[in-house]
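What follows is the residue order along each chain.
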Amino acid sequence: MTASDCKQLIQRIALHDDIAAYKQLFTGYHSALIHFSHSIINSKESAEEVVSDVFMKIWNLRHSLLNVENTHLYIYVVTKNLSINRLQKNKREAFSFIDDSVVQLESVYFDPEQLMITAQMHERLTAAIAALPPKCRLIFKLVKEDGLKYKDVAELLQLSVKTVEAQMSIALKRIAASIPFSFSHS
Amino acid sequence: MPQNQFWNLLAKKFAGEITPSEVEELDILVRQNPDLLFTAQHIQDLWELKQKPNNASAEEAFAKHLTRIEQSADWPGHYPESSSPEKISSPTRKKKIFAFASLIAITALAFYFFTPLTNSAPVAEAHVTEISTKAGSRTKMVLPDSSVVWLNAGSKISYNPNFGIGKREVQLSGEAFFDVQHSSVPFYLNTGNIKIKVLGTAFNVKGYPNEKTVETSLVRGSLEITSPSRPGEKFILKPNEKLVILNQSSRTKTNQAKKQNIVILSELTLTTDSTIIETAWVQNQLIFHDETFEAVARKMERWYNVRIDIKDENLGQKKVGGGPFENETVEQALNALRLAFNFNFTKNENTIVITR
């Protein structure tokens, strides 16, 4: 879901109570938000409920959403807040979700044949991604799969843009290291 | 540290965060470290992967969500089953639906490979991937199907995002050696006025726009060459054969005179230690064998990134052989040739003038 698609759907929902747009918004964000919420509360069932709450909130607040500039980021911020609320309600110990997130990348867990890369190479890639520090992997996922801008990720996770840049560099470098070099240029 | 800066800029490029001045900086870094291109290519392929859309579970979750939200006071009645979002038509949506339909029709593989998570990412609008080398540099790259391509100096290869869907197709300008991964998906290469079809094979193609001929040399496997200028004809190459086809542009110039020479089938040329001359450049070797001095000069220009001017026409048509040159400078290579073929040269910065 791109930021501009998101904005258009929100407008249709706010102005016309457009249920088809609401469904499209829900199904478009569902998987990404489940993963994001899961990375905070570490429970699949709770994540499902949180995402449902997020969309309840979107429906109830739809008219005021017309004033929200970056609705794409807004949806992630609401998901983060509701996830943290739920954690506190469950009286779990507070923890830094950024450093303990369990987020996984969906787009690289593929059948190697569909990827058209060798199985061995695929193994190395997924291993490299799995071995990224949680914070690094979460940032990489939010940028790559969820299409958030660096400054959005920084705002969402309350980090500096420089940190996001640095973590993205680390992710790419680590992944690159898993690709075997067969060529040395003289 | 330039390496860290490279990863930083590459990440920004993929994330769409890169500024025009950073694009230039990245470009320079890649030119200084051509090996990085290979890795960058792989990471780009990875970046462009989209996850399998799990519409079933999203639909299911929405149905569950509906039972909650229908309790809301302002929910406008029941959700009508028939008005699924797929029916909403806008020009881009229609295009996308059409694109999806064709993709699914062609191959299930394509469906998984290119279907985005949401319905929003454009399928057909993704950019063409283009890799090029300047004179004086060569590089090796891997295509999305794991086929390996060595790109000689001053060459360019490109493929569009549907590479691998129904067919694998690349465009080449210049010279490249292909080691094509075997697959039932046919691989097509277009260069100059010929089209080459292969299934899995290793071959070299030399089709510089400013040269008179397009040469295809087959090392192993088999391939099929067609040319719009010779409709209805198919040339099947066997290993160790080479096909030379005159470029359309130069053919019109030479007119009738050389018509019998438009297509030449010959064997690959081996040196005494059985190096194949046509593909020696892949091993970083520059070899000349029974070529006109003019052709040798064009090769050296690309290899060393220099300009070579042959002032004597007879000398230009003279057949020359020599090499292999590996780490020699252009002066050393010319000095070696000079011993056998008797000419003089002067070098001024990047321009070399050859006289008798």
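Residues numbered from 1 in each chain as written. Chains lettered and ligands numbered in written order. Predicted model: local features only at pLDDT ≥ 70, side-chain atom pairs only at ≥ 80, totals over all residues.

Chemist: Any chance you could break down the overall build of chain B for me, citing the residues and the numbers?
Modeler: Along chain B, the regular secondary structure elements total 10 helices and 18 strands. Within chain B, buried positions represent 32% of all 356 residues. The contacts in chain B between residues at least 6 apart in sequence include a share of 48% that link residues at least 24 apart. (Helix = DSSP H or I, 4+ residues; strand = E, 2+ residues; numbered from the N terminus. Buried ≥ 20, exposed ≤ 12 C-beta atoms within 10 Å, placed from the backbone. Contact = placed C-beta atoms within 7 Å.)

Chemist: Just give me the short version of the overall build of chain A, but keep the residues and values in it.
Modeler: Scanning chain A from terminus to terminus reveals 10 helices and 0 strands. A buried classification covers 46% of the 186 residues belonging to chain A.

Chemist: So, the nonpolar core: which residues are in play, and what are the values?
Modeler: In this structure, A:Val153, A:Met168, A:Leu172, B:Leu10 and B:Ala176 are the most contacted members of the largest nonpolar core, which totals 91 residues. Of all the elements, helix H2 (residues 19-41) of chain A adds the most residues to this core, at 12 residues. If you look at the next biggest cluster of nonpolar residues, it comprises 22 residues, including B:Val296, B:Ile310, B:Val330 and B:Ile354. (Core = buried A, V, L, I, M, F, W, Y, C linked by C-beta atoms within 7 Å.)

Chemist: Pulling in residues and values, what's your account of the pairing of strand E8 (residues 202-207) of chain B?
Modeler: Residues and elements named next belong to chain B. Burial analysis of E8 places 6 of its 6 residues in the buried class, the great majority of the element. Judged by which residues are buried, E8 turns out to be covered on both faces: Ala 202, Asn 204 and Lys 206 on one side and Phe 203, Val 205 and Gly 207 on the other are all buried. Note: strand E5 (residues 168-179) against E8, 6 bridges, orientation antiparallel. Counted as the bridge partner of Phe 177 is Asn 204 from E8. When E8 meets strand E9 (residues 213-220), the two strands line up antiparallel, connected through 5 bridges. Residue pairing across strands places Val 205 opposite Thr 216, the latter belonging to E9. (Pairing = 2+ DSSP bridges.)

Chemist: Quick rundown of the environment of A:Val161? Include the residues and the values.
Modeler: Residue and element names in this part refer to chain A. Structurally, the position occupied by Val 161 is in helix H10 (residues 161-177). A C-alpha to C-alpha distance of 9.8 Å links Val 161 and Lys 149, two positions 12 residues apart in sequence. Residue contacts for Val 161: discarding those within four places in its chain leaves Tyr 150, Lys 151 and Ala 154.

Chemist: Give a detailed account of the sheet that holds strand E15 (residues 307-310) of chain B, specifying residues and quantitative values.
Modeler: All names here are of chain B. Strand order in the open sheet made by the 3 strands is E15-E18-E17, with mixed pairing throughout. Edge positions in the sheet fall to E15 and strand E17 (344-348), since each has one partner strand and no second. Recorded for the sheet is a direction-independent mean angle of 20° between the axes of neighbouring strands. As judged from the 5 bridges shared by E17 and strand E18 (residues 351-355), these two strands associate in the antiparallel manner. Within E18, the residue paired with Asn 344 across the bridge is Thr 355. (Axes fitted to C-alpha atoms, helices over the stretch in contact; angles between N-to-C directions.)

Chemist: So, H10(A): which residues are in play, and what are the values?
Modeler: End to end, H10(A) covers 24 Å across 17 residues, agreeing with the expected 24 Å (1.5 Å per residue, within 8%). For H10(A), the full list of buried residues reads A:Val164, A:Glu165, A:Gln167, A:Met168, A:Ser169, A:Ile170, A:Ala171, A:Leu172, A:Ile175 and A:Ala176. (Expected span 1.5 Å × (residues − 1).)

Chemist: Account for the environment of B:Ile157, with residues named and values stated.
Modeler: Residue and element names in this part refer to chain B. As for its position among the elements, Ile 157 is in strand E4 (residues 156-159). In this structure, the C-alpha to C-alpha distance between Ile 157 and Glu 175, residues 18 residues apart in sequence, is 9.2 Å. Those residues in contact with Ile 157 that sit more than four places away from it in its chain are Ile 131, Val 149, Leu 151, Val 170, Gln 171, Leu 172 and Ala 176.

Chemist: Tell me about the packing of H2(A) against helix H4 (residues 55-69) of chain B, residues and numbers included.
Modeler: Where H2(A) meets H4(B), the closest approach of the two axes is 9 Å, and the angle between their N-to-C directions is 125°. Considering their axes alone, H2(A) and H4(B) lie oblique with respect to each other. Of the two elements, H2(A) crosses H4(B), and the hand of that crossing is right-handed. In this structure, H2(A) uses A:Lys23, A:Phe26, A:Thr27, A:His30 and A:Ser31 to contact H4(B), whose residues at the interface are B:Asn55, B:Ala58, B:Glu59, B:Ala61, B:Phe62 and B:His65. Its residues assigned to classes, the contact of H2(A) with H4(B) shows 4 nonpolar, 5 polar and 2 charged. (Parallel < 35°, antiparallel > 145°, perpendicular 65-115°, else oblique. Left-handed = near helix turned anticlockwise from the far one by under 90°. Nonpolar A, V, L, I, M, F, W, Y, C, P; charged D, E, K, R; others polar.)

Chemist: Go over the confidence of the model for chain B with me, naming the residues and quoting the values.
Modeler: Residues and elements named next belong to chain B. Scored by pLDDT, chain B comes out at a mean of 76, with 78% of its residues at no less than 70. By mean pLDDT, helix H6 (residues 108-114) is the weakest element of chain B at 40, and E5 is the strongest at 92. The model gives residues 78-94 a pLDDT under 50, and that stretch makes 9 contacts with residues more than four places away or in other chains. Under a pLDDT of 50 for its full length, residues 100-125 has, in the predicted model, 39 contacts with residues more than four places off or in other chains. Of the two predicted TM-score estimates for the complex, the pTM is 0.45 and the ipTM is 0.77. (pLDDT = per-residue confidence, 0-100.)

Chemist: Could you give me a rundown of the pairing of strand E13 (residues 263-267) of chain B, with the residues and numbers involved?
Modeler: All names here are of chain B. For E13, the buried fraction is low: 0 of the 5 residues fall into the buried class. Sheet analysis places strand E12 (residues 241-246) next to E13, joined by 5 bridges and oriented antiparallel. Paired with Leu 243 across the bridge in E13 is Leu 265.

Chemist: Lay out unusual backbone geometry with the relevant residues and their values.
Modeler: Residues and elements named next belong to chain B. Even without glycine at this site, Asp 290 takes up a positive phi of about 50°. Tracing the chain through its elements places Asp 290 in strand E14 (residues 286-292). The phi angle at Glu 349 is positive, at roughly 50°, despite the residue not being glycine. Topologically, Glu 349 is positioned in the loop between E17 and E18.

Chemist: Break down the confidence of the model for chain A for me, citing the residues and quoting the values.
Modeler: Low pLDDT marks regions whose predicted coordinates should not be analysed in detail. Residue-level pLDDT values for chain A average 81, and 80% of them are 70 or greater. Confidence scores differ between elements of chain A, with helix H6 (residues 112-115) of chain A showing the lowest mean pLDDT of 46 and helix H9 (residues 150-157) of chain A the highest of 93.

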